[in-house]
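Listed here are the chains, written in short residue letters.
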There are 2 protein chains.
Amino acid sequence: MRGMFHLYTGNGKGKTTAAIGLAVRALGAGFKVFFAQFVKGQEYSEIKILNSLKNVTVKQYGLDCFIRKEPTEDDIRAAKQGLNEVSQVLKSGEYQLVILDEANIAVYYQLFSSEQLLQAIENRAAAVEVVVTGRKADQKLIDQADLVTRMEEIKHYYQQGIMARTGIEK
Amino acid sequence: MRGMFHLYTGNGKGKTTAAIGLAVRALGAGFKVFFAQFVKGQEYSEIKILNSLKNVTVKQYGLDCFIRKEPTEDDIRAAKQGLNEVSQVLKSGEYQLVILDEANIAVYYQLFSSEQLLQAIENRAAAVEVVVTGRKADQKLIDQADLVTRMEEIKHYYQQGIMARTGIEK
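Residues numbered from 1 in each chain as written. Chains lettered and ligands numbered in written order. Predicted model: local features only at pLDDT ≥ 70, side-chain atom pairs only at ≥ 80, totals over all residues. Heavy atoms only, no water.

1. As for the pattern of salt bridges
Piece 1. Here the structure, examined in full by the defined rule, presents 21 salt bridges over all chains.
Piece 2. A salt bridge links Arg2(A) to Asp146(A), with the nearest nitrogen and oxygen atoms 3.1 Å apart. Of the two residues, Arg2(A) is situated in the segment before strand 1 (5-9) and Asp146(A) in the loop between helix 6 (139-144) and strand 6 (147-155); the sequence distance between them amounts to 144 residues.
Piece 3. The shortest N-O distance in the salt bridge between Glu129(B) and Arg165(A) comes to 2.7 Å. Pair noted here: Glu129(B) is in strand 5 (residues 129-133) and Arg165(A) is in the segment after strand 6, and the two residues belong to different chains. As far as the burial class goes, Glu129(B) and Arg165(A) line up, both buried.
Piece 4. Through salt bridges with shared partners, a single ionic network connects Lys13(A), Arg165(A), Glu169(A) and Glu129(B). (Salt bridge = Lys/Arg side-chain N within 4 Å of Asp/Glu carboxyl O. Helix = DSSP H or I, 4+ residues; strand = E, 2+ residues; numbered from the N terminus. Buried < 20%, exposed > 50% of the residue type's maximum accessible area, 1.4 Å probe, protein only.)

2. What to know about the nonpolar core
Piece 1. Of all hydrophobic cores here, the largest spans 55 residues; its most connected members are Val33(A), Phe35(A), Ile99(A), Val33(B) and Ile99(B).
Piece 2. Once residues within four sequence positions are removed from consideration, Val33(B) is found in contact with Ala23(B), Ala26(B), Leu27(B), Asn55(B), Val56(B), Thr57(B), Tyr95(B), Leu97(B) and Ile99(B). (Core = buried A, V, L, I, M, F, W, Y, C linked by side-chain atoms within 4.5 Å. Contact = heavy atoms within 4.5 Å.)

3. Side note on helix 5 (residues 114-122) of chain A
All names here are of chain A.
Piece 1. Looking only at helix 5, the buried set comprises Ser114, Leu117, Leu118, Ala120 and Ile121. Seen along its axis, helix 5 keeps its buried residues to an arc of 160°; they face one direction.
Piece 2. Buried residues in helix 5 make contact with strand 1, helix 3 (73-92), strand 4 (97-101), helix 4 (103-108), strand 5 (129-133) and helix 6. (Arc of directions from axis to C-beta.)

4. Considering the packing of aromatic side chains
Residues and elements named next belong to chain A.
Piece 1. Taken as a whole and assessed by the stated rule, the structure comprises 8 aromatic pairs over all chains.
Piece 2. Between the aromatic rings of Phe38 and Tyr61, the centroid separation amounts to 5.5 Å while the plane-to-plane angle is 35°, which identifies the pairing as tilted. With Phe38 in strand 2 (residues 33-38) and Tyr61 in strand 3 (residues 56-61), this residue pair connects regions lying 23 residues apart in the sequence.
Piece 3. The buried category is assigned to Phe38, whose relative accessible area is 0%.
Piece 4. Look at Tyr61 and you get buried, because its relative accessible area is 5%. (Phe/Tyr/Trp six-rings, centres within 6.5 Å; stacked < 30°, edge-to-face > 60°.)

5. Let's talk about the environment of Ile76(B)
Piece 1. Of note, Ile76(B) is situated in helix 3 (residues 73-92).
Piece 2. Note: C-alpha distance between Ile76(B) and Tyr61(B) (15 residues apart in sequence) is 9.6 Å.

6. Observations concerning helix 3 of chain B
A turn of α-helix holds 3.6 residues, and therefore any two residues three or four places apart point the same way.
Residues and elements named next belong to chain B.
Piece 1. With 20 residues, helix 3 extends 29 Å between its outermost C-alpha atoms, agreeing within 8% with the 28 Å of an ideal straight helix rising 1.5 Å per residue.
Piece 2. Residues of helix 3 that are buried sit in contact with strand 2 (33-38), strand 3 (56-61), strand 4 (97-101), helix 5 (114-122) and strand 5.
Piece 3. Trailing helix 3 by a residue or two, Gly93 shows a phi angle of about 75°, which is positive. (Expected span 1.5 Å × (residues − 1).)

In structure tokens form, the structure reads like this:
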């Protein structure tokens, strides 16, 4: 059966964690999972657990979120190289689930284009399930996806002054 | 610091997976995690992986989703017993993250009340982070939560006739 294309977007907390949860579920069913993180260079807590599991490959393509600063040439190069690598992975069909975490942000900051991302997704081996996350999803991705969930922030504790905490946000 | 109360609701895919992702992140930071599933009795694929990890306890309180049928006395008993157990876990502070997956559905079907659920959450040890998931969150829970994300279904492949698949939905 054809693999589906999922898109998790919106401003609310839960996009990357939903992708991690999907990775864990797929691993539990014996799938091989490729987890690509764009625009993230830090080792988030979840990466330690994913790396300890069998049948999952985690790769990070980027330095860190450049919120409030411009992406550098290095950021752009890392993202483009990442998309090339993930395109090959998608095409090969070696992994039954391929996650492109924060790829929407890479498009938003023009590290690569929505057309380049869509081409990689469309050229995947037929059975591969693909997941894209991140705020500000491009309308072309929304149009092409089989599933779109918008994580809407109704309220968030950062409004109480709570900062990102290890084990919960990172 | 006081632990936060997260609520993930709405009709879109990504609520339980976000909770699993949070569990994995917390485990990666060395937290102990209690993962309680209400209204679910099947062994979903993710449970196999969670059960293979250290520092996590998974408990299921219920038989299965009673969509299109009425909850039985057994369903009600299982949910009430579950809430009692989880209340003790929350109060003890033994686990730094406690997840009540699908507890909103248990409230919606009146297996226990929103007041009973809120009391358990409010009586937790101060540092415990608590996560409640499920559609149709009660307004009292929304009012009390520190973080609310509404997973809005923009589109879903079940509209194409795709049924729940092992490794992706279960």
